Amino acid sequence: MSSDQNDVGRRDFLMVAAGSFAAVGGAAALWPLIDQMNPDASAKALASVEVDLAPIKDGQAITIMWRGKPVFIRKRTAQEIAAAEEVDVNDLPDPQSDSARVEKPEWLVLIGICTHLGCIPRGQAAGDLHGDFGGWFCPCHGSHYDTSGRIRKGPAPRNLEVPPYAFVTDSKIKIG
Amino acid sequence: MSDHSSSYVPSNGFTRWLDERLPVLRMMHGQFIDFPTPRNLNYFWTFGGILTFCLMVQLITGIILAMHFVAHGDHAFQSVEHIMRDVNWGDLIRYTHAVGASMFFLAAYIHMFRGLYYGSYKSPREILWILGVMIILVMIITAFMGYSLPWGQMSFWAVTVITNLFTAIPFVGESITQWIWGGYSVGDPTLNRLFSLHYLFPFVIAALVGLHIWALHVVGSNNPTGVEVKTEKDTVSFFPFYIIKDGFAVIMFALLFAWFVFYAPNYLGHSDNFIEANPLQTPQHIVPEWYFLPFYAILRAIPDKLFGVIAMILAICVLFVIPWLDTSRIRSVRYRPLYKPFFWLFVITCLALGYLGAKAPEGYYLLASRIFTAYYFIHFLVVMPVVGLYETPKEVPDSIADSVLGKEATSETAQ
Ligand code: HEM
Ligand code: FES
């Protein structure tokens, strides 16, 4: 009787142990099959670029590619900086002060992808619409961004993202 | 029904030998020759056959296109132009595939509204219906992936907008989206995986269609009266009656199909897709293919990104549970006076959403898409359960034979 009960306990243990090993082994085998789809080494290798800012004049903007995404670099005019700074942060859909979004006030660096569904907002080229707040306007579903790249009106939930960057020299930045 | 005895008699030594080893001819004979089928099916019942035809057309033209297509961000657009200009009959094959996707959805939507009208989703056909909803889901994903392959502006930006829907998922949205992209934006790795899966999914559809027909042949077809088959008098054999009727319908459908292929191959497409993908410039208006417009309208009707995405997914997934949302005791809308106007209101709602999906979401258009989105869900979640409880149905015929023979008698006296 008691040896029977021992047997049952031992079998249960073996079942649970075998089941757990199979589950862990299965998961371990599955992971490479899933992870292979993540950005690969060559995508990660493009992870940083340097940009020379010297040729950009006041009020001018350029677009460069970083990790396959457009990055907007804009040399803001004094009015644009003032407009971005005087907004009451608490009134914004995604509250953030202008100073938290720039390294130096005249240089605004943004990922040029609408935070709604990924279109490229207009406002870079000379003749473009800038939207109701003087920054960028996304034609896809009508999001308006201000001169700090913050969302002010429309369906986008967040401000245009600021990529990680640093000034290498006074007139050169490294993005990524 | 699938257990009805097949009248198959092997005709020669070989088929007798085969029949004792793999009775596949016996099975085919039982399912597609002497299968008992309600005698009163109308032309709406031919769309299953039409859909099978569409699937075969997509498979054949698609496998041929894949012989000439190059799944690479730098070459895909050129290779499609190469198919159009250089490959023998390449333009015909590509247009057939592109128009074929539209024809496929046209047939599928008619097939589904047929099911809704005649109550074909109700017991005992729930599994049959659920398999159908799974097929339309996989079809939607397949068509979306196929549309990305020519790598024109609309292809690229449709992929961008749709994959960005996943960023709406809290916390892990960003990582999931990058996993789908295989990079930090839509690019060459994305195109490659979309092609791999676009090749795979039609075969998943074919497998689901197999199960769908199996489930159909277990319970048998519904019919315009919604009354179950009771005696042999209610049925005729599938061959020759319905083979001929389905065949005729397929030919009529093929005429419409051919008209588009030969006279208006680009009518259903978008001119922006003749411009190669440019990740730096979004087209002025992003519009999906017509068959996605109602869902796109629902997505945009809701001001919140996450809830917009959820509503769009639910718009299809709610179909999974309608066998249990509909409380009516009888199937066919023919005998449901109270529900009938609501059914047509639902049809209008779907058409209106399709119209609104192509318009800018502003002003009255936005207001209208909100109202119709609301009714879309109210129809399933409120009208279906409530109307079934309060409605007094009209008198339903005792049997299929009664309904058919009764009609014949009246038309005779009229003459
Ligand atoms: C469920 C059935 C299918 C649907 C709904 C479907 C849908 C589509 C659509 C909408 C396109 C874009 C056409 C265009 O705008 O030019 C496309 C392209 C393509 N499909 Fe399919 N497809 C199906 C089955 C297949 C199969 C079985 C293959 C075989 C591998 C295939 C291979 C291709 C290729 C290579 C292209 C790119 C060439 C082109 O753009 O014409 N498709 N598909
Ligand atoms: S993607 Fe910019 S508003 Fe929708």
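The sections below set out a description of the structure shown in this document.

### Comments concerning the overall build of chain A
What chain A contains, in helices and strands, is 3 helices and 9 strands. Along its sequence from the N terminus, chain A presents helices and strands in the succession α-α-β-β-β-α-β-β-β-β-β-β. Compactness check: chain A gives a C-alpha radius of gyration of 26 Å against a globular reference of 16 Å for 176 residues, more than 25% above the reference. Projected onto its principal axes, the C-alpha coordinates of chain A cover approximately 90 × 35 × 30 Å. Put simply, chain A has 176 residues, and 36% of those count as buried. In chain A, the proportion of contacts linking residues at least 24 apart, taken out of those at least 6 apart, comes to 53%. With the model as given, the accessible surface of chain A reaches about 9500 Å², and the carbon-plus-sulfur share is 57%. Separation of charge centres in chain A, based on 18 positive and 22 negative side chains, amounts to 4 Å.

### Digging into the coordination of the iron atom of ligand 1
Residues and elements named next belong to chain B. Donor atoms from the polypeptide that coordinate the iron atom of ligand 1 comprise H97 (NE2) and H198 (NE2), at 2.0 Å from the metal. The site at the iron atom of ligand 1 holds 6 donor atoms, and with the angles between them running 86 to 179°, its shape is octahedral. Residue H97 is found in helix 5 (residues 90-117), and its partner H198 is found in helix 9 (residues 188-219); the two are separated by 101 residues along the sequence. Judged by its relative accessible area of 16%, H97 falls in the buried class. Look at H198 and you get buried, because its relative accessible area is 15%.

### Concerning the sheet that holds strand 1 (residues 49-52) of chain A
Residue and element names in this part refer to chain A. Taking strand neighbours across the sheet as the criterion, the 3 strands line up as 1-9-8 in an open arrangement whose pairing is antiparallel. What marks the edges here is a single partner per strand, and that holds for strand 1 and strand 8 (165-169). The mean inter-strand angle of the sheet, taken between neighbouring strand axes irrespective of direction, is 30°. Pairing geometry for strand 1 and strand 9 (residues 172-175), over 4 bridges, is antiparallel. The residue bridging E50 from the neighbouring strand is K174, located in strand 9.

### Some points on the interface of chain B and chain A
Taken together, the contact pairs 24 residues of chain B with 24 residues of chain A. Summed over both sides, the interface between chain B and chain A buries roughly 2200 Å², with carbon and sulfur atoms accounting for 60% of that surface. Of all residues in chain B, W179, Y184 and K305 of chain B give up the largest surface area on contact with chain A, accounting jointly for 34% of the area buried on that side. Looking at the side of chain B that touches chain A, the elements with two or more residues in it are helix 7 (153-164), helix 8 (173-181) and helix 11 (293-301) of chain B. If you tally residues by element for the side of chain B that touches chain A, the top one is helix 7 of chain B, at 4 residues.

### Notes on helix 5 of chain B
Side chains that are three or four residues apart share a direction in an α-helix, a result of its 3.6 residues per turn. Residue and element names in this part refer to chain B. The end-to-end C-alpha distance of helix 5 is 40 Å, a good match for the 40 Å that 28 residues give at a rise of 1.5 Å each. Remark: the principal bend of helix 5, roughly 25°, maps to G100. Burial runs high along helix 5: 22 of the 28 residues are buried. One or two steps after helix 5, the chain reaches G119, where phi turns positive at roughly 65°.

### A look at the site of ligand 1
Residues and elements named next belong to chain B. Around ligand 1 there are 24 residues in total, and G62, R94, H97, H198 and Y199 lie nearest to it. The separation between an oxygen atom of ligand 1 and a polar side-chain atom of R94 is 2.6 Å. Taking H97, its side chain carries an N or O atom lying 2.8 Å from a nitrogen atom of ligand 1. Where the shell around ligand 1 is concerned, the elements lending two or more residues are helix 3 (47-68), helix 5, helix 6 (126-148) and helix 9. A per-element tally of the shell around ligand 1 places helix 3 first, with 6 residues. Class assignment of the residues belonging to the shell around ligand 1 gives a composition of 17 nonpolar, 6 polar and 1 charged.

### Re the packing of aromatic side chains
Residue and element names in this part refer to chain B. Tallying each qualifying case throughout the model produces 28 aromatic pairs over all chains. Connected via pairs of aromatic rings, a cluster forms that spans W45, Y117, Y118, F343 and W344. Here the basic side chain of K245 rests over the ring of Y43, its NZ or CZ set 4.6 Å away from the ring centre.

### Topic: the nonpolar core
Buried together is how nonpolar side chains tend to be arranged in soluble globular proteins. Counting residues in hydrophobic clusters, the biggest one holds 122 residues, and the most contacted among them are F105, I136, Y376 and F380 of chain B. Setting aside residues no more than four positions away along its own chain, F105 of chain B makes contact with I136, M139, I140, A143, W290, Y291 and F292 of chain B. Counting 13 residues, the second largest nonpolar core, distinct from the first, contains L53, I73, I173 and I175 of chain A.

### What about the pairing of strand 4 (residues 107-111) of chain A?
Residues and elements named next belong to chain A. Of all 5 residues in strand 4, 5 are buried; the element is thus mostly enclosed. Side chains of strand 4 alternate between two faces, with W107, V109 and I111 and L108 and L110 buried alike. For strand 3 (residues 69-75) and strand 4, the ladder comprises 5 bridges, and the chain directions are antiparallel. Looking across to strand 4, one finds that R74 is bridged to L108.

Reading the values: the criteria
Residues numbered from 1 in each chain as written. Chains lettered and ligands numbered in written order. Predicted model: local features only at pLDDT ≥ 70, side-chain atom pairs only at ≥ 80, totals over all residues. Heavy atoms only, no water. Helix = DSSP H or I, 4+ residues; strand = E, 2+ residues; numbered from the N terminus. Rg over C-alpha atoms; globule rule 2.2 N^0.38 Å. Buried < 20%, exposed > 50% of the residue type's maximum accessible area, 1.4 Å probe, protein only. Contact = heavy atoms within 4.5 Å. Areas by Shrake-Rupley, 256 points an atom, 1.4 Å probe, with all protein chains shown as cover. Lys, Arg positive; Asp, Glu negative; His and termini not counted. Charge placed at Lys NZ, Arg CZ, Asp CG, Glu CD. Donors = N, O, S within 2.8 Å, 3.2 Å for Na, K, Ca; no water. Tetrahedral: all angles 85-135°; square planar, octahedral: opposite > 155°, others 65-115°. Pairing = 2+ DSSP bridges. Axes fitted to C-alpha atoms, helices over the stretch in contact; angles between N-to-C directions. Buried area = accessible area lost by both parts, 1.4 Å probe. Expected span 1.5 Å × (residues − 1). Bend = angle between axes of the 7 residues up to and from the residue. Near = heavy atom within 4 Å. Polar contact = N/O pair within 3.5 Å; in protein donor to acceptor, adjacent residues only side chain to side chain. Nonpolar A, V, L, I, M, F, W, Y, C, P; charged D, E, K, R; others polar. Phe/Tyr/Trp six-rings, centres within 6.5 Å; stacked < 30°, edge-to-face > 60°. Lys NZ or Arg CZ within 6 Å of the ring centre and 35° of its normal. Core = buried A, V, L, I, M, F, W, Y, C linked by side-chain atoms within 4.5 Å.

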